[in-house]
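# A look at the structure
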Amino acid sequence: MARAYRLRGRADDAEGALGAALWDAGCEGVQIDDGDLVAVFASERDGMPPGGAWEDVDARDHVAAYLEGLRPVRVGRLVVAPSHRLVCLREGQTVLWLDPGMAFGTGHHETTRLALAALAAPARDLRGLRVLDVGAGSGVLAIAADRLGAAEARGIDVDPESVPIARANADRNRSRARFELGEFGADSAPVGSVDLLLANLYAELHVRFLGAYARLLAPGGRALLTGIVAGREVLVREAVRAPLRLEGEQREGEWWLLELAREPGPAPAAEVEAAVPVAAGADR
Ligand SMILES: C[S@@+](CC[C@H](N)C(=O)[O-])C[C@H]1O[C@@H](n2cnc3c(N)ncnc32)[C@H](O)[C@@H]1O
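Cut-offs applied
- Residues numbered from 1 in each chain as written.
- Predicted model: local features only at pLDDT ≥ 70, side-chain atom pairs only at ≥ 80, totals over all residues.
- Heavy atoms only, no water.
- Phe/Tyr/Trp six-rings, centres within 6.5 Å; stacked < 30°, edge-to-face > 60°.
- Helix = DSSP H or I, 4+ residues; strand = E, 2+ residues; numbered from the N terminus.
- Buried < 20%, exposed > 50% of the residue type's maximum accessible area, 1.4 Å probe, protein only.
- Lys NZ or Arg CZ within 6 Å of the ring centre and 35° of its normal.
- Pairing = 2+ DSSP bridges.
- Near = heavy atom within 4 Å.
- Polar contact = N/O pair within 3.5 Å; in protein donor to acceptor, adjacent residues only side chain to side chain.
- Areas by Shrake-Rupley, 256 points an atom, 1.4 Å probe, with all protein chains shown as cover.
- Nonpolar A, V, L, I, M, F, W, Y, C, P; charged D, E, K, R; others polar.
- Axes fitted to C-alpha atoms, helices over the stretch in contact; angles between N-to-C directions.
- Parallel < 35°, antiparallel > 145°, perpendicular 65-115°, else oblique.
- Left-handed = near helix turned anticlockwise from the far one by under 90°.
- Contact = heavy atoms within 4.5 Å.
- Salt bridge = Lys/Arg side-chain N within 4 Å of Asp/Glu carboxyl O.

### Quick look at the packing of aromatic side chains
Applying the stated rule across the entire model yields five aromatic pairs. For the pair phenylalanine 41 and tryptophan 54, a centre-to-centre distance of 5.4 Å together with 70 degrees between the ring planes defines the contact as edge-to-face. Of the two residues, phenylalanine 41 is situated in strand 3 (residues 36-41) and tryptophan 54 in strand 4 (residues 53-57); the sequence distance between them amounts to 13 residues. Residue tryptophan 54 is classed as partly exposed on the basis of its relative accessible area of 21%. Summarising the aromatic geometry, the rings of phenylalanine 184 and phenylalanine 209 are spaced 4.9 Å apart at their centres and angled 70 degrees between planes, so their arrangement reads as edge-to-face. Taken together, the residues phenylalanine 184 in the loop between strand 10 (178-181) and strand 11 (194-200) and phenylalanine 209 in helix 6 (residues 203-216) connect sequence positions 25 residues apart. Phenylalanine 184 sits in the buried class, given a relative accessible area of 8%. Pairwise contacts between aromatic rings join Tyr5, Phe41 and Trp54 into one cluster. The ring of tryptophan 256 carries arginine 237 above its face, with NZ or CZ at 5.3 Å from the centroid.

If you want it as structure tokens, here you go:
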């Protein structure tokens, strides 16, 4: 049995002055429970922030959570965790409280981790950028972009079940990221209005969408394309053409992330969807 200090607070209070006071007092982890912060300690401490109360907490619950594989995922300075789980943040880390429900995007999959790592890379500065997340799922990437300083983060997903989950995750994190239901295309945003495009899809879909990516990206913009299984990255590499160019590649296990840069110059003309040839005799 451990002791826990329960007080009113929300997820991002755990990162602010209140969180710092709890960590300074020797807290081993903070749980979010129905509008409360529950800070777990080996034993009671003096000098706690006012307004809270001590209670018993079953330390074995946390071990069970660990054994069930529900540990938070740490990617650089980002920590992705289910909202009711225990999280220990180190200085400079940012937590994303994500309840993925039926949507894809817990942060455990290599493809999501590749994108989060690319977003949180020390050399990348998201401040002032307009970000579009294509295939937002749980909203994890757009919410991460918002937390990392993007001026605007939008997500689009064709799956009607994912969008409310992404919106709930944005609320849970007090994120300004916005999500909409829709199938991605060249009209998903005004031409040249995206500085950073994120897409965790698959190689063939990226190839199909390259023209739309090029139209939506502003000159100098970047696209982080993941969800590309090893062996298929060549399809995307070979399909990239001006005004896009391959800027970098990352691999984790069987998965690739390709980073594209949008070169200066006017947006390419809108593509006309190629007619599917009908095989001779097919209509007879
Ligand atoms: C692999 S999940 C990625 C989720 C999240 N972005 C992540 O990185 O963990 C792919 C998502 O793309 C969505 N999707 C697939 N095709 C799409 C399309 N044409 N337009 C919009 N969303 C699409 C799916 O519904 C799914 O939620």
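Past the structure itself, the notes keep going.
### Some details on the pairing of strand 2 (residues 29-33)
Burial of strand 2 is extensive: four of the five residues sit out of reach of the surface. Pairing of strand 2 with strand 3, which is carried by five bridges, proceeds in the antiparallel orientation. For aspartate 33, the partnering residue across the bridge sits in strand 3 and is aspartate 36. Hairpin remark: strand 2 followed by strand 3, antiparallel, with two residues in the connecting loop; positive phi at aspartate 34, about 50 degrees.

### Looking at the site of the ligand
Neighbouring residues of the ligand: 19 residues in total, closest Thr112, Gly135, Asp157, Phe184 and Asn200. Residue threonine 112 places a side-chain N or O atom 2.7 Å away from an oxygen atom belonging to the ligand. In this structure, an oxygen atom belonging to the ligand sits 2.9 Å away from a side-chain N or O atom of asparagine 200. For the ligand, whose unbound accessible area comes to 610 Å², protein coverage reaches 85%. Listed by contribution, the elements that provide at least two residues to the shell around the ligand are helix 4 (140-147) and helix 6. Residue classes in the shell around the ligand are distributed as nine nonpolar, six polar and four charged.

### As for the packing of helix 3 (residues 110-119) against helix 4
Two numbers describe how helix 3 lies on helix 4: the axes approach to 10 Å, and their chain directions differ by 15 degrees. It follows that helix 3 is roughly parallel to helix 4 by the angle criterion. As for how helix 3 packs across helix 4, the hand of that crossing is right-handed. The residues of helix 4 that touch helix 3, namely those facing Thr112, Ala115, Leu116 and Leu119, are Val140, Leu141, Ala144 and Ala145. Class assignment for the residues of the contact of helix 3 with helix 4 results in seven nonpolar, one polar and no charged.

### Things to note about the sheet that holds strand 12 (residues 217-229)
Reading across from one edge, 10-9-8-11-12-14-13 is the order of the seven strands in this open sheet, with mixed pairing throughout. Two strands in the sheet have a free side with no partner beyond their single neighbour: strand 10 and strand 13 (244-252). Shown here is a sheet whose adjacent strand axes are inclined to one another by a mean of 15 degrees, direction ignored. Note: strand 9 (residues 152-157) against strand 10, four bridges, orientation parallel. Following the sheet pairing, arginine 154 is matched in strand 10 by arginine 178. Its contacts with the sheet put helix 5 (residues 162-172) on strand 9 and strand 10, and the angle it makes with strand 10 is roughly 170 degrees.

### Some thoughts on the pattern of salt bridges
Under the counting rule described, the total for this entry stands at 20 salt bridges. Arginine 6 serves as the salt-bridge partner of aspartate 36, at 2.8 Å between the closest nitrogen and oxygen. In this pair, aspartate 36 is assigned in strand 3 and arginine 6 in strand 1 (residues 2-8), connecting sequence segments 30 residues apart. You can call aspartate 36 buried: its relative accessible area is 11%. Measuring nitrogen to oxygen at the nearest pair gives 3.0 Å for the salt bridge that ties arginine 154 to glutamate 180. Placement of the pair is arginine 154 in strand 9 and glutamate 180 in strand 10, with a sequence separation of 26 residues. With a relative accessible area of 31%, glutamate 180 lands in the partly exposed category. By sharing partners, the salt bridges in this structure join Arg124, Arg222, Arg245, Glu247, Glu259 and Glu263 into a single network.

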